[in-house]
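Remarks on the overall topology
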Amino acid sequence: MAMNYNAKDEVDGGPPGAPGGTTKTRRPDNTAFKQQRLPAWQPFLTAGTVLPTFFIIGLIFIPIGIGIFVTSNNIREIEIDYTGIEPSSPCNKCLSPVSTPCICTINFTLEKSFEGNVFMYYGLSNFYQNHRRYVKSRDDSQLNGDRSALLNPSKECEPYRRNEDKPIAPCGAIANSMFNDTLELFLVANESDPTLTLIPLKRKGIAWWTDKNVKFRNPPGTESLKERFKDTTNPVNWLKPVYELDPEDEDNNGFINEDFIVWMRTAALPTFRKLYRLIERKNDLHPTLPAGRYYLNITYNYPVHSFDGRKRMILSTVSWMGGKNPFLGIAYITIGSISFLLGVVLLVINHKYRNSNNTADITI
Amino acid sequence: PPRRKQPRRAGWRARGRTRTVRSNLLPPPSAEDSVAGATKGERLQRLGCVQHVADNRLKTTKYTLLSFLPKNLFEQFHRLANVYFVFIALLNFVPAVNAFQPGLALAPVLFILAVTAFKDLWEDYSRYRSDHEINHLGCLVFSREEKKYVNRFWKEIHVGDFVRLRCNEIIPADILLLSSSDPDGLCHIETANLDGETNLKRRQVVRGFSELVSEFNPLTFTSVIECEKPNNDLTRFRGCIIHDNGKKAGLYKENLLLRGCTIRNTEAVVGIVIYAGHETKALLNNSGPRYKRSQLERQMNCDVLWCVLLLVCMSLFSAVGHGLWMQRYQDKKALFDVPESDGSSLSPVTAAVYSFLTMIIVLQVLIPISLYVSIEIVKVCQVYFINQDIELYDEETDSQLQCRALNITEDLGQIQYIFSDKTGTLTENKMVFRRCTVSGIEYSHDANAQRLARYQEADSEEEEVPRGGSSQRGSIGSHQSIRILHRSQSTKSYWRTGSRKTLGSLLDPTHHVYPFSPQEKDITPDPKLLEKVNECDKYLAISRHQEHPLAQLSPELSDVFDFFIALTICNTVVVTSPDQPRQKASHGVPPRAHDALALLRSPSVVSLPEGEHGSLPFRELLSGLRKMQQGASHRERLGQPTPAIASNGYSSPADSWEPEYPQEPQPKQELRFEAESPDEAALVYAAKAYNCALVDRLHDQVSVELPHLGRLTFELLHTLGFDSIRKRMSVVIRHPLTDEINVYTKGADSVVMDLLLPYDARGQHQNKIRSKTQNYLNLYAMEGLRTLCIAKRVLSKEEYACWLQSHLEAESSVDNREELLFQSAIRLETNLHLLGATGIEDRLQDGVPETITKLRQAGLQIWVLTGDKQETAINIAYACKLLDHDEEVITLNAESQEACAALLDQCLHHVQSRGSYTPEKTESCVNVGFSSLYLASATSTVSGPSPSLVIDGRSLAYALDKNLEDKFLFLAKQCRSVLCCRSTPLQKSMVVKLVRSKLKAMTLAIGDGANDVSMIQVADVGVGISGQEGMQAVMASDFAVPRFRYLERLLIVHGHWCYSRLANMVLYFFYKNTMFVGLLFWFQFYCGFSASAMIDQWYLIFFNLLFSSLPQLVTGVLDKNVPAHVLLLKPQLYKSGQNREEYRPRAFWLNMVDAAFQSLICFFIPYLAYYDSDVDMFTWGTPITAIALFTFLLHLGIETKTWTWLNWTACVFSIFLFFTVALIYNASCATCYPPSNPYWTMQALLGDPVFYLICLIAPITALLPRWVLEFVSDFSTHTAAILLPKDQQGAQHSGHKCTIERGHRAGGPGGSGPRVLQTRRGCFGSMS
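Report on the accompanying structure. Quantities reported herein were computed from a predicted structural model and do not represent experimental measurements.

The rules behind these values
Residues numbered from 1 in each chain as written. Chains lettered and ligands numbered in written order. Predicted model: local features only at pLDDT ≥ 70, side-chain atom pairs only at ≥ 80, totals over all residues. Heavy atoms only, no water. Helix = DSSP H or I, 4+ residues; strand = E, 2+ residues; numbered from the N terminus. Axes fitted to C-alpha atoms, helices over the stretch in contact; angles between N-to-C directions. Parallel < 35°, antiparallel > 145°, perpendicular 65-115°, else oblique. Contact = heavy atoms within 4.5 Å. Nonpolar A, V, L, I, M, F, W, Y, C, P; charged D, E, K, R; others polar. Polar contact = N/O pair within 3.5 Å; in protein donor to acceptor, adjacent residues only side chain to side chain. Core = buried A, V, L, I, M, F, W, Y, C linked by side-chain atoms within 4.5 Å. Buried < 20%, exposed > 50% of the residue type's maximum accessible area, 1.4 Å probe, protein only. Expected span 1.5 Å × (residues − 1). Arc of directions from axis to C-beta. Pairing = 2+ DSSP bridges.

Focus on the environment of Ile106(A)
- Tracing the chain through its elements places Ile106(A) in strand S2 (residues 102-110).
- With 25 residues separating them along the chain, Ile106(A) and His131(A) place their C-alpha atoms 32 Å apart.

What to know about the packing of helix H10 (residues 295-330) of chain B against helix H38 (residues 1046-1084) of chain B
Residue and element names in this part refer to chain B.
- Where H10 meets H38, the axes come as close as 12 Å, and the angle between the chain directions of the two elements is 5°. Between H10 and H38, the interaxial angle falls into the category roughly parallel. From H10, Leu 296, Met 300, Asp 303, Val 304, Cys 307, Leu 310, Met 314, Phe 317 and Ser 318 reach across to H38, where they touch Tyr 1059, Leu 1062, Ala 1063, Val 1066, Phe 1070, Thr 1074, Val 1077, Phe 1081 and Gln 1084.
- For the contact of H10 with H38, the residue count by class is 14 nonpolar, three polar and one charged.

Points about the side chain of Ser223(B)
Residue and element names in this part refer to chain B.
- By secondary structure assignment, the location of Ser 223 is in the loop between strand S7 (200-204) and strand S8 (224-228).
- Within the local environment of Ser 223, its side chain forms a polar contact with the side chain of His 243, the two groups lying 2.9 Å apart.
- Setting aside residues no more than four positions away along its own chain, Ser 223 makes contact with Val 21, Arg 22, Phe 209, Ile 241, Ile 242, His 243 and Asp 244.

A closer look at the nonpolar core
- Core analysis: the largest hydrophobic core is formed by 136 residues, its most contacted members being Tyr1143(B), Phe1163(B) and Trp1180(B).
- Residue contributions to this core peak at 18 residues, all from H38(B).

Notes on helix H17 (residues 527-543) of chain B
Residues and elements named next belong to chain B.
- Taking 1.5 Å as the rise per residue, H17 with 17 residues should run 24 Å; its terminal C-alpha atoms sit 24 Å apart, in good agreement.
- Regarding H17, the residues found buried are Leu 529, Lys 532, Val 533, Cys 536, Asp 537, Leu 540 and Ser 543. For H17, the angular spread of the buried residues around the axis is 145°, confining them to a single face. For H17, the exposed residues set more than 90 degrees away from the buried face come down to Pro 527, Lys 528, Glu 531 and Ile 542.

Section: the sheet that holds S2(A)
All names here are of chain A.
- Spatially, the four strands line up as an open sheet ordered S2-S9-S6-S7, and their pairing is antiparallel. Lying at the two open borders of the sheet, with one neighbouring strand each, are S2 and strand S7 (196-198). Here the average twist between neighbouring strands, direction ignored, is 30°.
- Judged from the three bridges that link them, strand S6 (residues 182-188) and S7 form a sheet pairing that is antiparallel. Residue pairing for S7: Phe 186 is matched across the bridge by Leu 198.

A few points about the sheet that holds strand S21 (residues 701-706) of chain B
Residues and elements named next belong to chain B.
- Within the open sheet, the nine strands sit side by side as S17-S16-S26-S25-S24-S23-S22-S21-S20. Their pairing is antiparallel. Each edge of the open sheet carries a strand with a single partner, namely strand S17 (441-443) and strand S20 (693-697). Direction aside, neighbouring strands of the sheet carry axes that sit 30° apart on average.
- Inspection of the sheet shows strand S22 (residues 710-723) paired to strand S23 (residues 728-734) by six bridges, in the antiparallel sense. Residue His 718 lies in a different strand from S23, and its bridge partner there is Val 732.
- Sitting on the sheet, helix H27 (residues 797-812) is in contact with S22, S23, strand S24 (741-747) and strand S25 (785-795), with an inclination near 45° to S22.

Side note on helix H45 (residues 1205-1228) of chain B
- In this model, H45(B) (24 residues) spans 33 Å end to end at C-alpha, consistent with the 34 Å of a helix rising 1.5 Å per residue.
- All of the buried residues along H45(B) are Asn1207(B), Ala1210(B), Cys1211(B), Ser1214(B), Leu1217(B), Phe1218(B), Phe1219(B), Ala1222(B), Tyr1225(B) and Asn1226(B).

Quick look at the structure:
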């Protein structure tokens, strides 16, 4: 190629350096960028810059940690394992499958009253909702109310795609394995009075707004839900069809049933909880859940014992940072302390070092 | 008769590899003829075979519009990495194992392929444009229809066409010269485009056509040309032309005009195209750009393999885990277990296999797909910055550094050995006449030396730019040297036995036109010598008409006179006057040797002169007369001198000719001498200073102007050109005063001294002169001057006739012509009479000693490989501080293999023993078999840290032998510097190759001439000195610098930067990918090893490509771990690159461990923070991605030493891009991206305080250890920092805080290797 270029040069401009030629030189531009002289900050790792940073991290992290820790500690939370592994547990009887719905009651005591809104969760352990094949086993189009997908679900739903030549709605393993225990909470008025007060549990408002309103939609149409789902069948594990999930509220049925939506948001880790119900604060005068004895009435359907799973019911209040989580506070305090300590140690070393040399001015 | 010659044909014809070319103007031969046209007889009847119709179209493009896609893809898939990534992407299409949306998985690999394809397309397009431009150049081609020359494009030229070229036109194809406007049938071409030589080469019209009196008419051309098949040998062309009448004439390379050359000094030529287009020698020689793989890249590829292994291990681990997991849960009716589509459950083994494949897809990020592209981008930017460095720009030659190889910038930072040429590399290659000795008397030219010193001062003070065309500085390189190379290869065994003189290049073929700067032109003559010259001149002016004018002179004066005549005419210098174009001589038949022979045979043939220069009727008449006489009485004149003719007609007194010929160029007027080598010109200028001026050179005569004698015209009978095997050149002339036939020889002293008359032949005087001259020669060599001996031989007519006969035979021989010519020259150049010797200074380039000192400090071993003689080389070495006066010099000169072996052992023993006892003056190194002269320099002086080794070419040949090379290398390794003198180009490259392969060292070769090309090509990094464009060394080089001194900055600053930047970037790449993959791997423990990914597929795929790529590119291009001035101040810092401190296996593994740790932190902080919460997979995975991004940027922040606004912008942009893309992506479609459905995830996260909290704590926690360890290791170097010399600290401006820090970091804090310290200004900006 060089020969070609040379030939071209020769044709274009004649031999270089010809007298009277252009004064254009090949001198590079003397700009800061081209000469790599851009003004630069050099945050090199010296005592002067590193030590203050350690202290600053320490000073910032420790208060944050304390704040989080206190906040987290102020959250009231109670967790009731109702799997029934222990023979003493009232739910133990439900481990062996019985054809009729098994109902068991667990009583527990709240030492302190729960103020504000109380969230009722069910928690599952050793349940791998994040399994790759499990996560894939759904059809978002169907859940979004797409008619064609409703009748012809995605292949990803296999083997929960069709049942007896009818498309399953909602299809897939996630929907098929939906949590179907029913939990009821009763307050025992007092020790002497065995009247039970049913705590009102709100079924709506537990799912993300966008899920309920954007992502999940029932098949379009004005007729009844049953009519709209008429060519489909319910998942094999389900007892009820999708349009009868909430017996109380017609608007909470079909794909937009919030329990269903919550379940479909697959958990990240094998130990997880999912929001089950809301217990709304009634007024400022009375605590939402006063201290006292409660009965948890469980319609035990969901089999977790076979795969060593656990089921829990959790009641929790929330703070600005969500549920109870002591870890973050401790982590902040720990890291802050470590950082601060490192700062001190390094400062001591640095100080010693500086004293042993008279040229301290070199390094600040 | 041609038939008889047939059996003796050379191989090129015997093997049938011939091509037949005939005129296109003839009616096309019929089909049957073409079949039958095998026999010669038919061919001679011009009905031969089908004309070869290759056209002259140039096509260097690789692709066409249609073929681009398939061809380019095919080429790209030759790269294993691409195949791998495509394989992964295709794996995604298998439903059982897919991890991502198949289309999405293809995106990165398509992107990479597209980027590469675009680059290729762009390159190809520029090639196409350049081709197009060249193809559409015009030239005159003879048209059969129009019966005249018409303008055609280059691409339309076919083999067999007749092309007419005018002066300064570029030759479009390889053309056989058939006619020239030059009456001698000559044509000058400039081959600068081909080999960078700007001197004019002479080409000659094919014999038989030159005699044509009328203008050449293509229509009458019926001959057939038989020649070699196209080949790439620029220096050879063989063939013959067969005329209608059956006569044959040989064709040689002198008849061929090569494509790409330029017609000069010739009004017009006509030729027939022999090779066109891609068959031309120029294009066959045009090999594509070299691809070198850098050391760092090799190391990196090894680490990529480690990554592959790691990937496979992780996947295997995961697969086994998944199998076990499946086994555990399978029969437990786990709700989350998804059976096969037919309802049957997956067997654990199948599941494990699926999991393995999916893991490979998911973890593919570990093999950095963008690494290669990123490295290429960074290298291109580095090259750009090196090119743009104003401190590598040479004002004088208006050239900056050129990077010709784009992919080995970082090798510049790891060089361990520098192999340098001497002439033109360390020195200016501007020859200045310094002193001479004539007839045993030395003329020291003190005034000249003083003048030179003044020039030097002036130079350094004001950096004066020499005027006009000074850019055309020295270059070495020519066809000749190529031929030398070939010959030396073919005769390797021959010269190894020592029977042939080692090749060398005192007068190395430095064929070039030299415009000279004033210091070369103005020479202050030595008064004594000037007086003697004047005396001669005056005397001869008086006695010129006597029978033997020279006989009356004293031998000394006679020698002085001959000496200057020899200086003036024994060369190939062409005289031009600056304001006039070169005049063309116009004489009749040139007395070429063969013509002369013809004349000898048939005295009746006389050509009358055809004059064109009407202004000189008298002269022409005379020359015509002379010709006639010459022709008629050639033989006779050989016997009897005819003084009347020999006086050349200028019988008028010397002082009266001027008014008669006012148009003649005057001696005082400035003449320009165009010489092939600077030495020649220096000598001509020197002679001119002694009023012995070369005023005119024609092909058959040389005119010398003397003040009293006036113009003397020497009839030039022969010129035996310089070649580096003979290392001398000779002219055979007829002396106008004595009419004797004289041979003047000029050459390397070692050669010429051996060719002198035997000692006892000429009596005492000559012997004395000889020994004196030898002494002075040694003295000159000690001073570092280039020495040349001038000798003379007077031939008797018989001797001449005898020699001429054999010479003409040699010249006309077809087969081994060169060998015969060589033998013939040897016969002539013998029994010489020594006249004197000259010393020419080749000045050191500016800054060479300083540069060498700096490079030394940087830990570089510098070897000088030169063709020069030992003394000259040693002196230059002393001058440029390569050798030190108080260090030991081991000189190795051996006459035989055995002696060399013994010497090597001795030296090794000595070197090894030195270490034990205190250095003292030792005479350890004896020069076996070297002449007494060198004993003095062989003594070793007080030893410094390590000795230096000087070895000559012959010993080098022995030492490079298989048996001895290890010993030699071992010795050389101990030495501070090595000086190889008298080495051939081949030896140079052998030395480089040896060091490179045996010592596994990074080598750099720097040179400026064709003799350095092989060395430059062999070395890891080849550097050419680019005084001028298009030079051979530059063409072969990877980097071209204008001067040697720029090497310092190139290596110490840019090399260091490039290496450290790239090393850090590569390490960072591995770290980044490992850390990212680590996150996914830890997750497998919590998802049943099911190859699930909590990071959304989009982030997974584009993370490397989009979100985290820019900052590291900016850092890779711009980061300066040490500022330039500190690097220059402390060249020791360069050693970190040599020792590969920044990127060594330990650094790699340390990075991997750090990456594992960081990924653990970045995984488990979000894990614990979200443990047992209602978080879903992607709401949990997205913060992890964000944390990873922040960690990467923070990590890069620790790695980045200099933060410019570009770094800030890149980081901010990366974060901004991530969040923007995430927000848009998470809002765009509720159902589109199965299996992940991240709708509104990011938006929700932005409202979650925990997200911010973990984004704050995780990166800082992850980087805390690295940070602390960096600081601690940094801290530990402070002690050493205190030991820095005060003055260097003082060099920092007082206003700046001065901090000390470790020069390298990737080696890791735990490293105990050598630490390098560096000072640095601790403040914002203001770096200079």
